[in-house]
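Residue-level structure breakdown
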Amino acid sequence: MAEENLQNKTDVIVIGAGPAGVSAAITVARGGKSVVLVERAPFAGAKNMYGGVIYTHAAKEIFPNFEEAPIERYIAKHSYVLLSEKDSTQISYQNPEHEKNAFVAIRAKWDKWCVEQAMKEGVYFAPNTLVRELILKDGKVCGIKTDFEDYYADIVIIADGVNSLLAKQIGLRKNIKPKNVALGVKEVIKLPQEVINKRFALENIQGCAMEIVGKPLENLFGMGIVYTNKDSIAVGFGVSLEDLKNHKIKPYELLDRLKQHPFVADLIQGGELIEYSAHLIPEGGYRAIPKLYADGVMVTGDAAGLVNNVHFEGTNLAMMSGKYAGETALNALEHNDFSSNMLCLYAKKLENSFVMKDMKTYKDVVHILGSRTGAFLNYYPYSINKFFDIFTCADGKPKKEKFQKFTKDFFTKRSLSELFKDAIAGIKIVFGILK
Ligand SMILES: Cc1cc2nc3c(=O)[nH]c(=O)nc-3n(C[C@H](O)[C@H](O)[C@H](O)COP(=O)(O)OP(=O)(O)OC[C@H]3O[C@@H](n4cnc5c(N)ncnc54)[C@H](O)[C@@H]3O)c2cc1C
């Protein structure tokens, strides 16, 4: 190992300028310590793909002036949609008091804005800098190797995202297993703001977050999404990589199926495709969280598998984990102790927060749902649509016969033992959550 070059030494190095990294870096800078935020892309956000929402509570905690950021729309409406072959059932929730609970931002703009704020507060930002590996001395992480130079720090915070090669290098993580990640695929479709507002029944910069299950994603563990930007719509899905592999379905074919469903087709009709992207999402839940720290190093955000898939939350967990890692780094610097004994404070902070509490709450949900995908994400949505089809259709035929046929089909298509297993799975989920 090259000898430590003191000119290249800082208190903390943070790798990756996503929500986790920028939150860690700004926290360290606010504590008066020197921090370098290293990003492989030419600017923060350039490599980030995203189809969803950012949660105000976390954004506000890191950036009290977040309302000055390039926000597309505030989420005023949450819709849950069940699709069958052609029909659909939609449940929408709106609460004017929650309108500022979450917002949509385009990551290329949002991440850039966040880094600009961090730089104003003293973070040194190094774009175009790919970290090749971590430098270790006597088993302790003490720096990074880049294509240009080696850099040293008392503490390194890893925030390099879902496929964290750096956490793997030091044995904190193993190779990603397809069952522990989802593939997120998304198109952005441009439409005038007035058209979007009319189609989604929104006003001004009110936004809609839509989650979709059913036919187009048949028997695959995952969900479709439709989110409104100011003058474009993001449409996509997140589906288990293992399922995509096993069912031999190409992601773009799946996206086409989703876009061709009449419900989605009506929303995006006449729009112009301006972007296509794909990205992995951690899906392993609580059981797949790696060890979060070692001597001289902490792992945050997606790199630590901190995503709550049930609620589609990742950015807020990333931001909060970055903040706790930053606070822990400040504590370690104050005590001049960078060992695991000191850095375990980071794990404790996570344990005491909603981050780990929520991860624990849902630790079984994803696995149980994943094992009964056909039932929960397909058969029951289909049955609900069928029920409403009968309920709403006046075609001169007696209702009783139709409902009798519906009931007979319901019990024929899914055996009693399967229904029983579904009920047990449902109970396990509910009791698991309430425990
Ligand atoms: C399709 C999709 C939809 C989503 N929807 C939502 C949603 O609605 N709500 C929500 O909260 N979350 C959502 N998420 C999840 C959310 O995007 C992530 O949880 C969040 O971005 C994690 O932040 P992070 O900082 O840990 O990692 P990232 O945002 O992935 O940032 C990692 C950064 O590290 C950089 N990097 C990587 N390796 C290196 C290296 N070796 N050297 C230097 N830099 C490196 C990358 O370029 C990147 O900028 C979604 C994800 C996807 C894919």
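Worth saying up front: this structure is predicted, and the values here are computed from it rather than measured.

**Overview of a nonpolar patch on the surface**
- Among the surface-exposed residues, I427, V430, F431, I433 and L434 lie close enough to one another that they form a single nonpolar patch of about 480 Å² accessible area.
- Considering the arrangement of structural elements, one finds I433 in helix α15 (residues 416-434).
- When its relative accessible area of 31% is taken as the criterion, I433 is described as partly exposed.

**A closer look at helix α5 (residues 193-200)**
- Within α5 the residues assigned to the buried category are I196, N197 and F200. Buried residues of α5 fall within an arc of 100 degrees about the axis and therefore sit on the same side. Projecting away from the buried face of α5 at angles above 90 degrees are the exposed residues E194 and K198.
- Contacts made by the buried residues of α5 are with β4 (71-83), β12 (206-214), β13 (222-228), β14 (232-240) and α8 (262-268).
- A201 lies just past α5 and shows a positive phi near 55 degrees.

**Points about the pattern of salt bridges**
- Applying the stated criterion across every chain yields a total of 25 salt bridges.
- Between E327 and K349 there is a salt bridge, and its shortest N-O distance comes to 2.9 Å. Of the two residues, E327 is situated in helix α9 (residues 315-335) and K349 in helix α10 (residues 340-351); the sequence distance between them amounts to 22 residues.
- When its relative accessible area of 23% is taken as the criterion, E327 is described as partly exposed.
- Here K360 and E351 are joined by a salt bridge, their closest N and O atoms 2.9 Å apart.

**Structural notes on the domain arrangement of the protein chain**
- For the protein chain, the assigned domains are domain 1 (6-70 + 106-174 + 290-361), domain 2 (179-282) and domain 3 (365-434).
- Here the C-alpha centroids of domain 1 and domain 2 sit 29 Å apart.
- Counting residues at the interface gives 13 residues for domain 1, matched by 17 residues for domain 2.
- Roughly 1,200 Å² of surface becomes buried between domain 1 and domain 2 when both sides are summed, with 73% attributable to carbon and sulfur atoms.
- If you look at where domain 1 meets domain 2, you find zero salt bridges.
- Across the domain 1-domain 2 interface, the total number found is one residue pair in polar contact (both at pLDDT 80 or more).
- Considering only residue class, the side of domain 1 that touches domain 2 consists of seven nonpolar, four polar and two charged.

**Some words on the environment of A44**
- By the element assignment, A44 lies in the loop between β2 (35-38) and β3 (53-55).
- Taking the C-alpha atoms as reference points, A44 and D111, separated by 67 residues in sequence, lie 5.3 Å from one another.
- In contact with A44, not counting residues within four places along its chain, are A17, E39, A108, D111, K112, V115 and F125.

**Looking at the site of the ligand**
- The environment of the ligand is made up of 35 residues, and the closest members are E39, R107, D302, G314 and T315.
- The separation between an oxygen atom of the ligand and a polar side-chain atom of R40 is 2.8 Å.
- Separating a nitrogen atom of the ligand from a backbone N or O atom of V131 is a distance of 3.0 Å.
- Broken down by secondary-structure element, the contributors of at least two residues to the shell around the ligand are α1 (19-30), β3, β15 (272-282) and α9.
- Summarising the domain contributions, the shell around the ligand has at least three residues from each of domain 1 (6-70 + 106-174 + 290-361) and domain 2 (179-282).

**Comments concerning the side chain of S164**
- Its place among the elements puts S164 in the loop between β10 (150-158) and α4 (165-169).
- Among the polar contacts made by the side chain of S164, one reaches the main-chain amide nitrogen of A167 at a distance of 3.1 Å.
- In this structure S164 touches I158, R173 and A303, once residues within four positions along its chain are discounted.

Definitions and limits used
Residues numbered from 1 in each chain as written. Predicted model: local features only at pLDDT ≥ 70, side-chain atom pairs only at ≥ 80, totals over all residues. Heavy atoms only, no water. Patch = residues over 30% accessible without salt bridge, like charges linked within 9 Å, V, L, I, M, F, W, Y side chains within 5 Å. Areas by Shrake-Rupley, 256 points an atom, 1.4 Å probe, with all protein chains shown as cover. Salt bridge = Lys/Arg side-chain N within 4 Å of Asp/Glu carboxyl O. Helix = DSSP H or I, 4+ residues; strand = E, 2+ residues; numbered from the N terminus. Buried < 20%, exposed > 50% of the residue type's maximum accessible area, 1.4 Å probe, protein only. Arc of directions from axis to C-beta. Contact = heavy atoms within 4.5 Å. Domains from an automatic or database assignment. Buried area = accessible area lost by both parts, 1.4 Å probe. Polar contact = N/O pair within 3.5 Å; in protein donor to acceptor, adjacent residues only side chain to side chain. Nonpolar A, V, L, I, M, F, W, Y, C, P; charged D, E, K, R; others polar. Near = heavy atom within 4 Å.

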